[in-house]
Amino acid sequence: MFAAAVVCWLGAVAALQVQIGVVEQQPMLAQQLAVSAETALLELRDEPRVKVAPVEPEEPLALAAHLCALAEEGVAAVLTGGTARSARLLAAAAARAGVPLLLADSAPKNHTWEVLALYPDNRVLAQACADLCKEKGWKRAVFLHAGEAEVAALIAPDAEPLALVVRHLPPPDDAALLRNLMLVLKKLSVTNFIVWCDAECSLRVLDVAQRVGLLSDRHSYIMLSLDLHTQPLADYSHGGANITALRLFEPQSKDVQHMMTLWERQYGARLGDEASLAGPERSVPTALPLAYQASSLVAKALRALNLPPGAPASCQVGLGAFHADTLLNYLRSEEWTSGSGMGGELSWEVDGWRHEVQLQVAELARGGWLEPAGLWAPRVGVTWQRPDEPRNSMPDYSMTNRTFTFLIARIKPYIMRQESTLRLAGNAQYEGFCIELIEKLAAMLKFNYTFVEQEDGEYGIYNNTLGKWTGMLGRLIEDKDIDFAITDLTITSEREKAVDFTTPFMNLGISILFGTPEPAPPKLFAFMLPFSNAVWICLGFAYLGTSLVLYVVGRLCHEEWQNPYPCIEDPPALENQFTLANALWFNLGAVLLQGSEIAPVAYGTRAVASVWWLFALVITSSYTANLATLLASKSSTDLIHNVEELANNNLGIKYGAKKGGSTYNFFKNSQNPTYHKMYEQMSKEPMPLSNEIGIKKVENEKYAFLMESTSIEYETERNCKVQKVGGLLDRKGYGIAMKKDSSYRQELNLALLNLQEAGVLREMMHTWWMEKNGGGACKEDETRENQELRIKNFLGLFVVLVVGCVLGVLVSCCDLAWAARRQRGPSESFWQRFWTELRFVFRFEQSVKPLQGPLIPDSPVSQQSEGAEECRTEREETGSERARAAPRTSSAARRRSSMHAASLRIARHTTRDSTTPH
């Protein structure tokens, strides 16, 4: 008897060894579910016998075979937490094998008896959402879902006052379509949203909502994913939106903390690594505590039933586990208690759905934490556990982690469409100076932003009839979803009355854009451009005067009177090489840098020649330096040069400004007579609706367009058909517009001043104006402008020339006095000889100076002939063949070789002391 009792007791103990199977497509989730089951069994002092099916990822058709294999091995129940498709396949296999299927995720519709859904039914979540909407006082909301829309009828039945706008969420890989959907909803001015999809999908919705400006303090969200706490939510916790989430358990409760401590220890032991779930609230997926609870319930049920061993299931013959129905009936009939913060009691309806579920209501707090805000129960509804509605502890003036909407209007280079081969959406589709400015401000002040484009590009004017603003300014004032407006928006006193502006991020003024004139044809005498007419006249007189001085000085210097016949040591007369023709030729050769065969010998002529060479060097260099530039430069053919010429022109030039813009209003409100006159003229003509239209009119017509100087500078850098004319007509600036009395004005002003002081704004302007998008195409070479040289530029040079000439004359006179010492007659005094020499100098018809006899003979030609005869006789006596040549006349002597004559003069100069008679 005792032996039989022991055998029965051992059999009962063996029967209590619970086996749990896990079938899951995701390997990591399968291991986590297995660890949850092991943790529950260890907590009950049972041997953890958990088997994980070796399921290959992305092979759902093999799930049924794996479940049947586990059923044949005798597992008491099978855990899974996969997708809806895998749940349907496993439910069918569980019905064939007769094994309880513990489903830790949403159960499929019309599932079989064997499925035990641990996840709350959709009807439960819909009722909780409806109660939350009623508590929040919502009358209208948008229902965003990724599944079927029929649950919307559960949230807002016909008897409820809540109006739902139902929209299906696009696929996860189509971010552009999701953004467009949110922008459409933003135009509907909807502020309340219900999001029913998984945790990752909910995070995508929040991200896009933040980018389009739907996450501000006037927006509210109810997120029906029970795993939202597993996602990083810090980026969406500072915008001010109320984000409410539901969850099955409280991560900070003692029971959940104890369970997760055991789970992590077992997880590390199973995988050989001390694993830990990082992130907010340990990022515990809902499936893990559900698997823990389900495994614990199965083990407790088997203990309570104390069932004897039975035959295992067999899918091949359609035989279910012997005790499967008993176990399922017991689990469904009992109401199982759970720990604190674990979702309340576990009980199931007849169809296998859970009821009496207690849900945690949590609200997103700063930092990304979901703080407990209340509880929800089916019969009680929402019970708030916080004293007041969550308040934002951030100062009202702080822009940190808030999301703002910027209204923009496209105009180059401030805001442009980005050219790309990729499909761009959202903020990524824009570029420009203002876009980069907002990026830098957002980085400094740590706020998020989204751009909304003003389609018509109208900045806005005040309509006196309607009593309100139009365009961008009107939309900024009236639309609550628009926080700021930025483009080339000018700060004016009229606009300051309606909206607030930041400190100017760019200073500018009004200027004139006009067509580039055609270059003038080159002048016939363009080579005379380097010097003015007065300089040319003075140069001509300088040339003639210096030639005459050189001629006179040459006659004054006795060294320049030389023997024309080297063969005669004592010729009857001397010749002077500086005749008037030779003097003119000598000076001309110096100017043209060609030189001549004439070489001055005397100090006086050398002095005059030297200063003339210096004069010619400077003149020639200046002429050469200016000639090339002036010949290449284009003559100015501008029709207008300033605003006065434009206003008073009789050339048929029309002008205008952008209709309704600040430039047009400047002329309208100006008290200046010229500007008022221009406004009266402009009011008679249709004004361009945009800057682009005005620029086209400038290119194609005789038209001047008045616009901001910065826009003109950008255009002239790329469009060589237009140019800037005149200076600035006024001073003003561009600023960021915001609603009146905005609390963010001070922070933006300080940030803009920091960027300005650091030189960032200047660098940005140089980048967008001079470098990007074709900048610098019309940039001219940075060459020094050469202007016409006038007489005052050469005044000092003329002084040097005159002084040199006077010095040469004085030296020549001294030389002449020195030569007058020689007596030609016994009764002549020094002054008589000097006067005779001086008289001879100014007898310009004489070019031969006699050495003997009177200095002024009656027939100078006979003396020259006599000298030639003596030279011929001497040559005959030497027996030279050239002695037979005919007597040479004075004209024949002047035609001898220039090189031979130059060499003879040099030889005579070196021996002048020995050959000069006394």
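The written sequence of each chain sets the order in which its residues are numbered from 1. Given that the model is predicted, a residue must reach a pLDDT of at least 70 before its local features are reported, and side-chain atom pairs must reach 80 or more before they are shown or counted; all residues, however, enter totals for whole chains, interfaces and linings. Side-chain numbers here rest on the full set of heavy atoms in the structure, without hydrogens or water.

Draft legend 1. Expanded view of the overall build of the protein. Scanning the protein from terminus to terminus reveals 30 helices and 33 strands. We call a residue buried when its accessible area falls under 20% of the maximum for its residue type, exposed when it is over 50%, and partly exposed in between, using a 1.4 Å probe and counting protein chains only. Across the 918 residues of the protein, 49% fall into the buried class. Taken as a whole, the protein presents about 45400 Å² of accessible surface, with 55% of it coming from carbon and sulfur. In this description a helix means any DSSP run of H or I spanning at least four residues, a strand means any run of E spanning at least two, and both kinds are numbered starting from the N terminus. Only the protein chains shown count as cover for residues, with accessible areas throughout obtained via the Shrake-Rupley method and a probe of 1.4 Å.

Draft legend 2. Region of interest: helix α7 (residues 175-187). Here, expected helix span is obtained from the residue count minus one, scaled by 1.5 Å. Between the first and last C-alpha of α7 there are 19 Å, a value that for 13 residues agrees with the 18 Å anticipated at 1.5 Å per step. Those residues of α7 not exposed but buried are A176, L178, R179, L181, M182, L185 and K186. Every residue pair with non-hydrogen atoms within 4.5 Å of one another is taken to be in contact. Packing partners of the buried residues in α7 comprise β6 (140-145), β7 (163-168), β8 (192-196), α8 (199-211), β16 (403-408) and β19 (448-453). Remark: S189 follows α7 within two positions and exhibits a positive phi of approximately 60 degrees.

Draft legend 3. Region of interest: the packing of aromatic side chains. Centre distance within 6.5 Å is the pairing criterion for rings of Phe, Tyr and Trp, where only the six-membered ring of Trp is used; planes under 30 degrees apart are then read as stacked, over 60 as edge-to-face, and the remainder as tilted. Scanning all chains against the criterion turns up 33 aromatic pairs. Pairwise contacts between aromatic rings join F404, F406, Y430, F447, Y449, F451, F484 and Y744 into one cluster. Two conditions define a charge located above a ring, namely a distance within 6 Å from the ring centre to NZ of Lys or CZ of Arg, and an angle within 35 degrees of the ring normal. The cationic tip of K658 hangs over the ring face of Y459; the distance from NZ or CZ to the ring centre is 3.7 Å. One cation-aromatic arrangement involves K697 over Y703; the distance from NZ or CZ to the ring centre is 4.7 Å.

Draft legend 4. A look at the sheet that holds strand β29 (residues 703-708). At least two bridges found by DSSP between two strands is the condition for calling them paired. Pairing within the open sheet is mixed, and its four strands lie in the order β28-β29-β25-β30. Looking along the sheet, the strands with just one partner apiece sit at the ends: β28 (654-657) and β30 (722-725). Recorded for the sheet is a direction-independent mean angle of 30 degrees between the axes of neighbouring strands. The pairing of strand β25 (residues 510-515) with β29 spans four bridges and is classified as antiparallel. Pairing of L513 across the sheet is with F705, part of β29. Inter-axis angles, ranging from 0 to 180 degrees, are taken between N-to-C directions of lines fitted to C-alpha atoms, where helices are fitted over the stretch in contact.

Draft legend 5. Representation of the packing of helix α3 (residues 63-72) against helix α4 (residues 84-97) within the structure. Closest axis-to-axis distance for the α3/α4 pair is 9 Å, and the angle between their directions is 35 degrees. Two packed elements cross with a definite hand, and for α3 against α4 that hand is right-handed. Residue-level contacts link L63, A64, L67 and A71 of α3 to S86, L90, A93, A94 and A97 of α4. Three classes are used, and their members are as follows: Ala, Val, Leu, Ile, Met, Phe, Trp, Tyr, Cys and Pro are nonpolar, Asp, Glu, Lys and Arg are charged, and the others, Gly among them, are polar. Per-class residue counts for the contact of α3 with α4 are eight nonpolar, one polar and no charged. Two helices that cross are described as forming a left-handed crossing if the nearer one is turned anticlockwise from the farther one by less than a right angle, and a right-handed crossing if clockwise.

Draft legend 6. Fine view of the sheet that holds strand β23 (residues 500-501). Spatial strand order, β19-β16-β22-β32-β23: five strands in an open sheet with mixed pairing. For this open sheet the edge positions go to β19 and β23, each flanked by a neighbour on one side alone. Sheet analysis places β16 next to β19, joined by six bridges and oriented parallel. Residue F406 lies in a different strand from β19, and its bridge partner there is F451. On top of the sheet, helix α13 (residues 471-478) reaches β16, β19, β22 (484-486) and β32 (737-738); it is set at about 165 degrees to β22, its chief contact.

Draft legend 7. A look at a nonpolar patch on the surface. What makes a patch is a set of residues exposed beyond 30% relative accessible area and free of salt bridges, joined within 9 Å when like-charged and within 5 Å when nonpolar (Val, Leu, Ile, Met, Phe, Trp, Tyr). For this analysis, a salt bridge means a side-chain nitrogen from Lys or Arg found within 4 Å of a carboxyl oxygen belonging to Asp or Glu. Together, W585, L588 and L592 line one region of the surface with nonpolar side chains, adding up to about 300 Å² of accessible area. Mapped onto the secondary structure, W585 falls in helix α16 (residues 580-591).

Draft legend 8. Fine view of α8. An ideal rise of 1.5 Å per residue puts 18 Å on 13 residues; α8 measures up with 19 Å between its terminal C-alpha atoms. Turning to α8, its buried residues number three or more, namely A199, C201, S202, L203, V205, L206, V208, A209 and Q210. Between a side-chain oxygen at the N-terminus of α8 and the backbone nitrogen of E200 the separation is 3.3 Å; the capping residue is D198. Backbone geometry just after α8 places G213 at a positive phi near 85 degrees. We define a polar contact as two N or O atoms separated by no more than 3.5 Å, with the added condition that, inside protein, one atom must be a possible hydrogen donor and the other a possible acceptor, whereas residues neighbouring each other in sequence contribute only through side-chain atom pairs.

Draft legend 9. Region of interest: the state of the cysteines. Put simply, a disulfide is two cysteine sulfurs that come within 2.5 Å. Using the criterion set out here, one finds zero disulfides in the structure. C129 supplies the cysteine sulfur nearest to C133, a cysteine that is in no disulfide, at a spacing of 4.2 Å. For the unlinked cysteine C557, the closest cysteine sulfur is that of C813, found at 8.8 Å. Under the relative-accessibility criterion, C557 is labelled buried at 0%.

Draft legend 10. Molecular detail of the side chain of T605. Within the secondary structure, T605 is located in helix α17 (residues 603-632). The class for T605 is buried, based on a relative accessible area of 0%. The contacts of T605, once residues within four sequence positions are left out, are L550, V553, G554, C557, E560, F578 and P600.

Draft legend 11. Quick peek at the nonpolar core. To define a nonpolar core, start from buried Ala, Val, Leu, Ile, Met, Phe, Trp, Tyr and Cys residues and group those joined through side-chain atoms within 4.5 Å. If you look at the biggest cluster of nonpolar residues, it comprises 70 residues, and the most contacted ones within it are I20, I194 and V298. Ranked by residues supplied to this core, first place goes to helix α10 (residues 287-305) with eleven residues. Counting only domains with at least three residues in this core, you end up with domain 1 (17-119 + 282-335) and domain 2 (122-247 + 369-384). Aside from chain neighbours lying at most four places away, what touches I20 is A37, L41, R49, V50, K51, V75, A77, L79, S295 and V298. Core analysis: the second largest hydrophobic core is formed by 53 residues, F404, I482, F484 and L761 among them. Segmentation of the chain into domains, including their bounds, is taken from an automatic or database domain assignment.

Draft legend 12. Structural context of the pattern of salt bridges. For the structure shown, the criterion picks out 13 salt bridges. Between D207 and R211 there is a salt bridge whose closest N-O contact spans 3.1 Å. Placement of the pair is D207 and R211 together in helix α8, with a separation of four residues, close to one helical turn. Residues R417 and E453 are paired through a salt bridge, measuring 3.1 Å at the closest nitrogen-oxygen approach. Of this pair, R417 sits in strand β17 (residues 416-417) while E453 sits in strand β19, and the two are 36 residues apart along the sequence. Taking relative accessible area as the criterion, E453 reaches 8% and is therefore assigned buried. A single network of salt bridges, built from pairs that share partners, joins R410, R417 and E453.

Draft legend 13. Structural context of unusual backbone geometry. The residue after K412, namely P413, is reached through a cis peptide bond having omega -5 degrees. Within the secondary structure layout, P413 lies in the loop between β16 and β17. The backbone of S189 shows a phi angle near 60 degrees, a positive value even though the residue is not glycine. Counting through the fold element by element, S189 comes out in the loop between α7 and β8. What makes S189 exposed here is its relative accessible area of 52%.

Draft legend 14. Broad picture of the pairing of β16. In terms of burial, β16 is largely enclosed, as six of its six residues are buried. Of the two faces of β16, the one lined by T403, T405 and L407 and the one lined by F404, F406 and I408 are each fully buried. Relative to β22, β16 runs parallel, the two sharing three bridges. Counted as the bridge partner of F406 is F484 from β22.

Draft legend 15. Broad picture of the confidence of the model for the protein. Within the protein, residue pLDDT values average 78, and 79% of them lie at 70 or more. Per residue, pLDDT captures the predictor's confidence, and it can take any value from 0 to 100. Contacts from residues 860-868, a stretch scored under 50 in pLDDT, to residues over four places away or in other chains number 13 contacts. Counted against residues more than four places away or in other chains, residues 909-918, with its pLDDT under 50, gives seven contacts.

Draft legend 16. Quick look at the environment of L513. For L513, the location among the structural elements is in strand β25. For L513, a relative accessible area of 0% puts it in the buried group. Along the backbone, L513 and V725 are 212 residues apart, and their C-alpha atoms lie at a distance of 6.2 Å. Look past the residues within four positions of L513 in its chain and what remains in contact with it is I695, V698, Y703, A704, F705, M707, I712, T716, V722 and Q723.

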